[in-house]
Amino acid sequence: MIEGASLPEVDRRSLLRTAILLVGGSLAGVPSVSLAQGTDRFFTPAQFAIMSEMAEIIMPRTGSPGAKDAGVPEVLDALMTNWASPDRQDQFRAIVDEF
């Protein structure tokens, strides 16, 4: 680190917003991802509920919408269904099942 240099203050929301924009930019070439509706979900109902709560813990509703309000669980589910490799799908299911 350079002496005398100061880093800008970064809050969690700014960091997450930037990360989402970076990931979104990398997905720009991917065909549109349709959101799963009803029972056509990647995650089981129990897994979806756990994953939704985990997303809300990371980005809770405060003065602005939280992860659930923003539809993050549905987008993650759609990405897993339409974009993730079978190995990545197995990894995510295993992670959610650990909770």
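Read on for a plain summary of the structure. Since the model is a prediction, treat every value here as computed from it, not as a measurement.

### A short note on the overall build of the protein chain
Logical step 1: Assigned secondary structure in the protein chain consists of five helices and zero strands.
Logical step 2: Reading the secondary structure of the protein chain in the N-to-C direction produces α-α-α-α-α.
Logical step 3: For the protein chain, the residues scored as buried account for 23% of the 99 residues in total.
Logical step 4: For the protein chain, the share of sequence-separated contacts (at least 6 apart) that also reach a separation of at least 24 residues comes to 69%.
Logical step 5: Within the structure as shown, the protein chain displays about 7,300 Å² of accessible surface, and the carbon and sulfur contribution to it stands at 62%.

### Here's the deal with the packing of aromatic side chains
Logical step 1: Inspection of every chain in the model, using the stated rule, returns one aromatic pair.
Logical step 2: On the numbers, 4.8 Å between centres and 80° between planes, the contact of F42 with F43 is edge-to-face.
Logical step 3: Relative accessible area serves as the criterion here: at 8%, F42 is assigned to the buried category.
Logical step 4: The positively charged end of R41 is found above the aromatic ring belonging to F48, 3.9 Å away from the centroid.

### Re the environment of V96
Logical step 1: With respect to the helices and strands, the residue V96 is situated in helix α5 (residues 86-98).
Logical step 2: When the C-alpha atoms of V96 and F43 are compared, they prove to be 9.1 Å apart, with 53 residues separating the residues in sequence.

### Details of helix α2 (residues 45-58)
Note that an α-helix has 3.6 residues per turn; residues three or four places apart therefore point the same way.
Logical step 1: Helix length check: α2, at 14 residues, gives a terminal C-alpha distance of 20 Å against a target of 20 Å (1.5 Å per residue), a fit within 8%.
Logical step 2: Within α2 the residues assigned to the buried category are Q47, F48, M51, S52, A55 and E56. The buried residues of α2 occupy one face: seen down the axis, they fall within an arc of 170°. Every exposed residue of α2 that faces more than 90 degrees away from the buried side is listed here: A46 and I57.
Logical step 3: Against α3 (67-70), α4 (72-82) and α5 lie the buried residues of α2.

### Points about the packing of α2 against α4
Logical step 1: Put simply, α2 and α4 touch, their axes get as near as 9 Å, and they point 125° apart. Judged on the interaxial angle alone, α4 and α2 are oblique. Pair α2 / α4 crosses with right-handed handedness. Mapping the contact onto sequence places F48, M51, S52 and A55 in α2 and V72, P73, E74, L76 and D77 in α4.
Logical step 2: Taken together, the residues of the contact of α2 with α4 sort by class into six nonpolar, one polar and two charged.

### Considerations on the packing of α2 against α5
Logical step 1: At a closest axis distance of 9 Å, the pairing of α2 and α5 adopts a crossing angle of 80°. When the axis of α2 is compared with that of α5, the two are roughly perpendicular. Where α2 approaches α5, its residues Q47, I50, M51 and M54 are matched on the opposing element by R93, V96 and D97.
Logical step 2: A class-by-class count of the residues in the contact of α2 with α5 yields four nonpolar, one polar and two charged.

Rules of the game
Residues numbered from 1 in each chain as written. Predicted model: local features only at pLDDT ≥ 70, side-chain atom pairs only at ≥ 80, totals over all residues. Heavy atoms only, no water. Helix = DSSP H or I, 4+ residues; strand = E, 2+ residues; numbered from the N terminus. Buried < 20%, exposed > 50% of the residue type's maximum accessible area, 1.4 Å probe, protein only. Contact = heavy atoms within 4.5 Å. Areas by Shrake-Rupley, 256 points an atom, 1.4 Å probe, with all protein chains shown as cover. Phe/Tyr/Trp six-rings, centres within 6.5 Å; stacked < 30°, edge-to-face > 60°. Lys NZ or Arg CZ within 6 Å of the ring centre and 35° of its normal. Expected span 1.5 Å × (residues − 1). Arc of directions from axis to C-beta. Axes fitted to C-alpha atoms, helices over the stretch in contact; angles between N-to-C directions. Parallel < 35°, antiparallel > 145°, perpendicular 65-115°, else oblique. Left-handed = near helix turned anticlockwise from the far one by under 90°. Nonpolar A, V, L, I, M, F, W, Y, C, P; charged D, E, K, R; others polar.

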